[in-house]
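Descriptive analysis of the structure
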Amino acid sequence: MNILETSFIQISSLIRNSNNLKLGSINSTENSSGDLVKELDIRAHNIIIDEIHKIPYIKGYISEESDDITFTSPDGQYIIAFDPLDGSSNINSNISVGSIYGLYLWDTELNGIGEIVVAGYCLYGPSTTLVRTQNESVKMFQLNQENEFKFISNLSLNGKSSKIYSINESNYYKYKNYKVKKNLIKYKMNNYSMRLVGSMVADCHRTLIQGGIFMYPATSKDPEGKLRIAYEVMPFAKIFELCGGASWDGEKSVLKNKIDLDNIHQKIPTYLGTKEEIYKFT
Ligand code: AHG
Ligand code: MN
Ligand code: MN
């Protein structure tokens with residue numbers, strides 16, 4: 001399913017051809033998660049919903065920038081959840097940002113959201129890269145000069161063992177899970193490198209390409225962490241697990257969670273990486 005690809009091409013062009021300071025300026029007040037909304041968050045959201053309204057098999061959407069779920073096609077079988085622009089705080093500095101989506105089955109019996117069936121993201125970095133699941137594989141594409149996504153490679157984490165951890169370590173004294181503090185010390189004792197872009201899409205993409213682990217654990221300030229399950233963590237969990245890696249929420253695989261229609265912006269502690277690295281938290 002080539003969903004949202006035309007939106008990603010438009011967002012990529014907008015980022016590359018606009019004044020980054022304006023795109024990164026504050027648009028209005030706060031969204032449902034309490035984040036300041038930037039001009040590009042809203043522009044990207046509007047581009048994506050225009051495309052979604054044209055897709056009959058999508059019953060409705062959840063966006064980071066909409067308070068509630070929006071139903072678009074009554075006969076649709078899927079719900080799409082998306083983060084139109086991930087890494088908002090990086091826009092004005094010309095640092096990589098991205099878009100994330102997950103496609104979920106609509107459960108007609110329970111009148112709720114079922115399991116995730118497709119996940120993908122687009123990274124607006126030095127090049128524009130699209131990664132998405134296709135059946136049981138994960139495929140990577142790059143936007144070329146003709147504005148088409150060209151297939152580059154399948155992605156897999158098997159055999160990748162680089163010693164990289166990615167976390168906002170300034171929260172060290174706020175982490176609630178003792179294993180986080182223990183492992184942070186172990187990384188230093190075992191000559192790991194720390195890498196953090198501050199855009200989840202870029203940090204997770206590097207982890208998928210090079211190996212290692214990306215984390216956003218629970219803190220005393222954010223008891224569920226900061227990342228939202230429906231349109232950030234579940235899509236990446238699907239991708240990491242299909243790549244032969246693992247996901248963890250502090251207790252179980254992220255994929256064992258369900259999206260709650262009454263709490264669509266719910267957050268969840270996040271650990272994504274190679275199996276070898278995730279096992280250190282289990
Ligand atoms: P968004 O821009 O969609 O609100 O997401 C930002 C997220 C994520 O991309 C990143 O990993 C995290 O926020 C960074 O948070 P901290 O600044 O607390 O590290
Ligand atoms: Mn985000
Ligand atoms: Mn966002």
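Residues numbered from 1 in each chain as written. Chains lettered and ligands numbered in written order. Predicted model: local features only at pLDDT ≥ 70, side-chain atom pairs only at ≥ 80, totals over all residues. Heavy atoms only, no water.

1. As for the coordination of the manganese ion (ligand 3)
The condition is simple: Only nitrogen, oxygen and sulfur atoms count as donors, using a 2.8 Å cut-off from the metal that widens to 3.2 Å for Na, K and Ca. Water is left out, so coordination shells may look unfilled. Only DSSP runs of H or I reaching four residues or more are called helices, and only runs of E reaching two or more are called strands; each is numbered from the N terminus.
Within the protein, the atoms that donate to the manganese ion (ligand 3) are Glu64 (OE), Asp83 (OD) and Leu85 (O), at distances of 2.0 to 2.2 Å. All donor residues of the manganese ion (ligand 3) come from one chain, and their arrangement in sequence is E-x18-D-x1-L. Between the manganese ion (ligand 3) and the manganese ion (ligand 2), a separation of 3.8 Å is found, and both are coordinated by Asp83. Of this pair, Glu64 sits in the loop between strand 3 (58-63) and strand 4 (70-71) while Asp83 sits in strand 5 (residues 78-86); the two residues are 19 residues apart in sequence, bridging distant segments of the chain.

2. Observations concerning the sheet that holds strand 10 (residues 149-154)
Short version of the rule: Two strands qualify as a pair provided DSSP detects at least 2 bridges between them. Only heavy atoms enter the contact rule, under which two residues are in contact if any of them lie within 4.5 Å. With axes taken as lines fitted to C-alpha atoms, and helix axes fitted only over the stretch in contact, angles between N-to-C directions fall between 0 and 180 degrees.
The strand order 4-3-5-6-7-8-9-10 describes an open sheet built from 8 strands, whose pairing is mixed. Of all the strands in the sheet, the pair left with one neighbour each is strand 4 and strand 10. Where strand 3 meets strand 5, 5 bridges bridge the pair, whose relative direction is parallel. Paired with Ile58 across the bridge in strand 5 is Tyr78. Of the strands in this sheet, strand 5, strand 6 (97-107), strand 7 (112-124), strand 8 (128-134) and strand 9 (137-143) touch helix 5 (residues 200-210), which is tilted by about 85° from strand 7.

3. Comments concerning the pairing of strand 7
Our working rule: Buried, partly exposed and exposed residues are distinguished by accessible area as a fraction of the type maximum, computed with a 1.4 Å probe on protein chains only: under 20%, between the cut-offs, and over 50%, respectively.
With 11 of 13 residues buried, strand 7 lies mostly within the body of the structure. In this structure, strand 6 lies alongside strand 7, joined through 10 bridges in antiparallel fashion. Looking at the pairing, Gly98 lines up with Leu123 of strand 7. Hairpin connection of strand 6 to strand 7: 4 residues between the antiparallel strands, including Asn111 at a positive phi of 55°. In this structure, strand 7 lies alongside strand 8, joined through 5 bridges in antiparallel fashion. Along strand 8, the bridge assignment pairs Gly120 with Arg132.

4. Here we look at the packing of aromatic side chains
Which entries qualify depends on this criterion: Two rings from Phe, Tyr or Trp (for Trp, the six-membered ring) form a pair when their centres are within 6.5 Å of each other. A pair whose planes differ by under 30 degrees is stacked, one over 60 is edge-to-face, and the rest are tilted.
The tally for this structure, following the rule as stated, stands at 11 aromatic pairs. Plain terms: the ring middles of Phe71 and Trp106 are 5.8 Å apart, the flat faces sit at 80° to each other, and that makes the pair edge-to-face. Of the two residues, Phe71 is situated in strand 4 and Trp106 in strand 6; the sequence distance between them amounts to 35 residues. What makes Phe71 partly exposed here is its relative accessible area of 46%.

5. A word on the site of ligand 1
We count it as follows: Here a residue is considered near a molecule or strand provided that any single heavy atom belonging to it is located within 4 Å of it. Under this definition, polar contacts are N or O atom pairs within 3.5 Å; protein pairs additionally need one hydrogen-donor-capable and one acceptor-capable atom, and for neighbouring residues in sequence, both atoms have to be side-chain atoms. Working definition of accessibility: Shrake-Rupley area with a 1.4 Å probe, residue cover restricted to the visible protein chains. Residues are grouped as follows: nonpolar covers Ala, Val, Leu, Ile, Met, Phe, Trp, Tyr, Cys and Pro; charged covers Asp, Glu, Lys and Arg; every other residue, Gly included, is treated as polar.
Taken together, 17 residues form the shell around ligand 1, and within it Asp86, Ser88, Asn168, Met200 and Tyr216 come nearest. Between Met200 and ligand 1, the recorded distance is 2.8 Å, taken from a backbone N or O atom to an oxygen atom. Arg228 is positioned with one of its side-chain polar atoms (N or O) 3.3 Å from an oxygen atom of ligand 1. For ligand 1, the accessible surface in isolation is 470 Å², of which the surrounding protein chains cover 83%. Secondary-structure elements contributing two or more residues to the shell around ligand 1 are strand 5 and strand 13 (213-216). In terms of residue count, the dominant contributor to the shell around ligand 1 is strand 5 (3 residues). A breakdown of the residues in the shell around ligand 1 according to their chemical character gives 5 nonpolar, 5 polar and 7 charged.

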